[in-house]
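Take a look at the letters that make up each chain.
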Amino acid sequence: MAKANVIIGSIFFLLALLMFAVALDFPKPQVSGLSPRVFPQFVAVCTMVFSAMLIAKNVRLLGADDTSAQEKKKLDTSFAARFSAFSAAGLLYVLVIDKIGYLIATPLLIAGAMIIFNEKRWYRVLLVSVFTTLVLYILFRMVFRVPLPRNPLW
Amino acid sequence: MSALIQGLQFVFTPINFLFLFIGTAGGIVVGAIPGLTGSVGIILLLPFLFYLQPAVALIMLAGMFCGAIYGGSISAILISTPGTPSAAATVLDGYPLAQKGEAGKAIGVATIASTFGGIISTLCLIFIAPQLARVALKFGPEEYFALMVFGLTVIASVSGASLVKGILSGLFGLSIAVIGIDPISGYDRFSFGIPNLMTGFPMLPVLIGLFAITQILVELQKIGNPLEIYKQKIKGVLPTRKELKALFKVIIPSSFLGTFIGIIPGTGGAIASFMAYNEARRFSKDKESFGEGNILGIAAPEAANNGTTGGAMVPLLSLGIPGDVVTSVMLGALMLVGLRPGPLMFKQNPEIINALFVGFMTAQFLILALGLLSVRVFPAILRVPSSILFPVILALCFLGSFSLGNSIYDMFVALIFGIIGFFLRKYGFAMAPIILGIILGPLAEQNLGKALIISHGNWGTLFNSPIALFFYAISLASVSYSLMRMKRPHKQH
């Protein structure tokens, strides 16, 4: 956990530093009122302070941190594979839905997610993915009139 | 009286009542399923709420909120896994009673206690919130800024195990909130010329990502840890008259305790239910039976956690600051459907407030009816496999993100925030402070800007008002209390 805390703390610190630097280009404070740079810089400084605290607290534990090996075990390869597959499926869905349409992309997404969630019965995968897609389509497209992405061929 | 009639007429219009019913029943189901909390339920409901009148959306949300808090007790009793954190104390006596073959009675007691806890807290909400709102109507930007500072200190209370991480989560929320056009000066901040970023991150996909998609990923990690299944037959739901008499001696004080705890921002149902359980045990003549299936040990936490529902709505409705995690999400949800909770809502939309009060009360009776009538269905709800439930929720998350702006970019935002949220949560960063930062940050900045414009740039104006000073003082007290609470376990250890 200590290693992860140091990494996350460092990311927060660097992002806050970037935020502070970018805000330097915003208009300077006026005589009255609030400049657009004040609030972001305040947030950035606070983030730097607290992320430095998180880093300092955990750097000391780094040497004695024997949990990293256990953590690595916890985040076992099977979950890493599932997580990657899940993220890829989500990303692919977002990228292709406009091209192949909601009615084709969504059952594929649900079926993929069910398989990632360890569903082994193919008839269940088929039924749930098609049925859910149709119910959501009827609800959002026909009742709420949301213009869901359509396949360009139809 | 006319306000009550107006509220009754609204809620009991068949279509409005149907939405309240769906909200409450949906809340019970969501609360009962471990892994889905009231916050996730509210977020999953959001895509549907845009197509409803704000008042209907509000009563549906109220039903979802109350139903979810009650629903958490079902899995706590049947499979020893609290559906929501508020039901953790219910496990202590609910599960042993279910193991003795009296799951029906345990759920019956939880239902009755939850209903009465909810009724008492709704009555307190009806009497306290308008009075507090009347005071808050006199607030200027200085007082509002101080109030938002106080609201932001709630971050300390909902931080989880680490205060530093909680504050960093809140600051992450504030950082997200400053992206886009500054509402005061109109200056474009941190968009780097990307048109989608000029309006900032859309709130609905961010909420869906941080709460719902993150939760799906958390559940993905649990594959291989199957939940226990309750196999016994459920019978004998209602307690005897003698038992009821004893129950009410615990239900009434626990309900008031829960309501009081709920009003204090940053507390919530989990604290209230454990406090009520301890008090019930302390005053009991039969202390030894607690933990072995004593019905008073079920009634006390259930009355208290449902008592917090009305209590938590008091600061939300009258001041516009959330009392706990669920009301933080609810505040975001209300803003998305075009409602801005706060004192002005009482002045400008009294009909919505009346509808909410009646809807909140009606939801309690719906909980009673649904809880007692569908007690035999509950084990079936818990048997829905995660391999069906979460992929369906995922599809709903994407569709919900898309539906508000008809934008595929919004789906992408939900996915990215889901992944970020998962990693943050995995390493102990709470989600609620992020939402508080996103919602309260811009309000704090706007009121600070207004106060400085009015005072011609005099920062001292922030400390001139006694009300503002009061809020700064309770902000300090709130943070100090959180610090003390976090240090205590270390001392014990």
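Participant: Looking at this structure, I do not really get the overall build of chain B. What am I missing?
Facilitator: Scanning chain B from terminus to terminus reveals 21 helices and two strands. Here chain B has a C-alpha radius of gyration of 22 Å; the compact-globule value for 493 residues is 23 Å, and the two agree. Across its three principal directions, the C-alpha atoms of chain B cover 70 × 55 × 45 Å. Classification of the 493 residues of chain B by burial places 64% in the buried group.

Participant: I would appreciate a short explanation of the overall build of chain A in the present structure.
Facilitator: Scanning chain A for helices and strands turns up six helices and zero strands. Across chain A, helices and strands are ordered from the amino to the carboxyl terminus as α-α-α-α-α-α. Out of the 154 residues belonging to chain A, those deemed buried represent 42%. Of the contacts made within chain A by residues no fewer than 6 positions apart, 60% connect residues no fewer than 24 positions apart. Of the accessible surface of chain A, which amounts to about 8900 Å², a share of 72% is contributed by carbon and sulfur atoms.

Participant: Help me understand the packing of aromatic side chains in this model?
Facilitator: When we look at a pair of aromatic rings, we describe it by the centre distance and by the angle of the planes. Summed over the entire model, instances satisfying the criterion amount to 26 aromatic pairs over all chains. Here the aromatic rings of Phe12(A) and Phe172(B) are separated by 6.0 Å at their centres, their planes lie at 70 degrees, and the arrangement is edge-to-face. On the criterion of chain membership, the pair formed by Phe12(A) in helix 1 (residues 2-23) and Phe172(B) in helix 8 (residues 163-177) is interchain, its members lying in two chains. The exposure classification of Phe12(A) matches that of Phe172(B), with both residues buried. Judged by centre distance (5.9 Å) and plane angle (15 degrees), the ring pair of Phe117(A) and Phe390(B) falls under stacked. Of the two residues, Phe117(A) is situated in the loop between helix 5 (102-116) and helix 6 (122-143) and Phe390(B) in helix 18 (residues 386-405); the pairing between them involves two chains. Of the two residues, Phe117(A) and Phe390(B), neither departs from the other in class, the shared state being buried.

Participant: Please explain the pattern of salt bridges as it appears in this structure.
Facilitator: Think of it this way: side chains of opposite charge can pair up when their charged atoms draw near. Residues and elements named next belong to chain B. The final tally for this structure, using the stated rule, is eight salt bridges over all chains. Here Glu 445 and Arg 189 are joined by a salt bridge, their closest N and O atoms 2.8 Å apart. Placement of Glu 445 in helix 20 (residues 432-454) and of Arg 189 in strand 2 (residues 188-189) is noted, with a sequence separation of 256 residues between them. Judged by its relative accessible area of 2%, Arg 189 is buried.

Participant: Even after reading the chapter, I still don't get the side chain of Ser169(B), so can you show me in this structure?
Facilitator: Assignment of secondary structure puts Ser169(B) in helix 8. With residues near it in sequence (within four places) discarded, Ser169(B) still touches Phe429(B), Ala430(B), Pro433(B) and Ile434(B).

Participant: So what exactly am I meant to see when it comes to the interface of chain A and chain B here?
Facilitator: Interfaces are often sized by the amount of accessible area the parts lose when they come together. Each side of the interface is counted separately: chain A has 60 residues, and chain B has 61 residues. For the pair chain A and chain B, the summed buried area comes to about 5400 Å², and 86% of that belongs to carbon and sulfur atoms. Scanning the region where chain A abuts chain B turns up zero salt bridges. Joining chain A to chain B, the criterion identifies three residue pairs in polar contact (both at pLDDT 80 or more). Elements represented by at least two residues in the side of chain A that touches chain B include exactly helix 1, helix 2 (38-59), helix 4 (77-100), helix 5 and helix 6 of chain A. Tallied by class, residues from the side of chain A that touches chain B come to 44 nonpolar, 10 polar and six charged.

Participant: Can you help me understand the packing of helix 11 (residues 241-263) of chain B against helix 12 (residues 269-283) of chain B in this one?
Facilitator: Geometrically, a packed helix pair is captured by the angle between its two axes and the distance between the axes. Residues and elements named next belong to chain B. At a minimum axis separation of 9 Å, helix 11 and helix 12 run at an interaxial angle of 145 degrees. Considering how the two elements wind past one another, helix 11 and helix 12 form a crossing that is right-handed. Together, Val 250, Ser 254, Leu 257, Gly 258 and Ile 261 of helix 11 and Ile 271, Ala 272, Met 275, Ala 276 and Ala 280 of helix 12 make up the contact between the two elements. Looking at the contact of helix 11 with helix 12 residue by residue, the class counts come to eight nonpolar, two polar and no charged.

Participant: Hey, could you run me through unusual backbone geometry in this one?
Facilitator: What is expected of a backbone is that most residues other than glycine have negative phi and most peptide bonds are trans. The residue Arg145(A) is not glycine, and still its phi comes out positive at about 60 degrees. The phi dihedral of Asn406(B) is positive, around 50 degrees, even though this residue is not glycine. The residue Asn406(B) is located in the loop between helix 18 and helix 19 (408-426) in this model. Given the relative accessible area of 40%, Asn406(B) is considered partly exposed.

Participant: Honestly, the confidence of the model for chain B in this entry has me stumped. Any pointers?
Facilitator: Close inspection of predicted coordinates is inappropriate for parts of the model with low pLDDT. In this model, chain B carries a mean pLDDT of 87, and residues with pLDDT of at least 70 account for 96%. Here the complex is predicted with pTM 0.84, and the ipTM for its interfaces comes to 0.91.

Participant: Whenever I open this one, the state of the cysteines confuses me. Can you help?
Facilitator: Throughout this description, disulfide means a covalent bond between two cysteine sulfur atoms. All names here are of chain B. With the rule as written, the count across this model stands at zero disulfides over all chains. In this structure Cys 66 is not part of a disulfide, and its nearest cysteine sulfur, from Cys 124, lies 14 Å away. Given the relative accessible area of 0%, Cys 66 is considered buried.

Participant: What am I meant to see in a nonpolar patch on the surface here?
Facilitator: Residue and element names in this part refer to chain A. Taken together, the side chains of Leu 103, Trp 122, Tyr 123, Leu 126, Leu 127, Val 130, Leu 134, Ile 138, Met 142 and Val 143 make up a nonpolar region of the molecular surface, amounting to roughly 1000 Å² of accessible area. No other element matches helix 6, which puts nine residues into the nonpolar patch. Relative to the helices and strands, Leu 127 is located in helix 6. In this structure Leu 127 comes out as exposed when scored by relative accessible area, which is 57%.

Participant: Could you clarify how one ought to interpret the environment of Ile393(B) in this entry?
Facilitator: Residues and elements named next belong to chain B. Mapping Ile 393 onto the fold places it in helix 18. By relative accessible area, which is 7% here, Ile 393 ends up buried. Linking Ile 393 and Ile 216, residues 177 residues apart in sequence, is a C-alpha distance of 8.0 Å. Here Ile 393 is in contact with Leu 36, Leu 44 and Ile 216, once residues within four sequence places are set aside.

Participant: I would appreciate a short explanation of the environment of Ala303(B) in the present structure.
Facilitator: All names here are of chain B. Looking at the element boundaries, Ala 303 is found in helix 13 (residues 296-319). For the pair formed by Ala 303 and Ala 161, sequence separation is 142 residues and the distance between their alpha carbons is 26 Å. If near-sequence neighbours (up to four positions away) are discounted, Ala 303 is found in contact with Ala 113, Ser 114, Gly 117, Ile 251, Ser 254 and Ser 255.

Reading guide: rules and limits
- Residues numbered from 1 in each chain as written.
- Chains lettered and ligands numbered in written order.
- Predicted model: local features only at pLDDT ≥ 70, side-chain atom pairs only at ≥ 80, totals over all residues.
- Heavy atoms only, no water.
- Helix = DSSP H or I, 4+ residues; strand = E, 2+ residues; numbered from the N terminus.
- Rg over C-alpha atoms; globule rule 2.2 N^0.38 Å.
- Buried < 20%, exposed > 50% of the residue type's maximum accessible area, 1.4 Å probe, protein only.
- Contact = heavy atoms within 4.5 Å.
- Areas by Shrake-Rupley, 256 points an atom, 1.4 Å probe, with all protein chains shown as cover.
- Phe/Tyr/Trp six-rings, centres within 6.5 Å; stacked < 30°, edge-to-face > 60°.
- Salt bridge = Lys/Arg side-chain N within 4 Å of Asp/Glu carboxyl O.
- Buried area = accessible area lost by both parts, 1.4 Å probe.
- Polar contact = N/O pair within 3.5 Å; in protein donor to acceptor, adjacent residues only side chain to side chain.
- Nonpolar A, V, L, I, M, F, W, Y, C, P; charged D, E, K, R; others polar.
- Axes fitted to C-alpha atoms, helices over the stretch in contact; angles between N-to-C directions.
- Left-handed = near helix turned anticlockwise from the far one by under 90°.
- pLDDT = per-residue confidence, 0-100.
- Disulfide = S-S within 2.5 Å.
- Patch = residues over 30% accessible without salt bridge, like charges linked within 9 Å, V, L, I, M, F, W, Y side chains within 5 Å.

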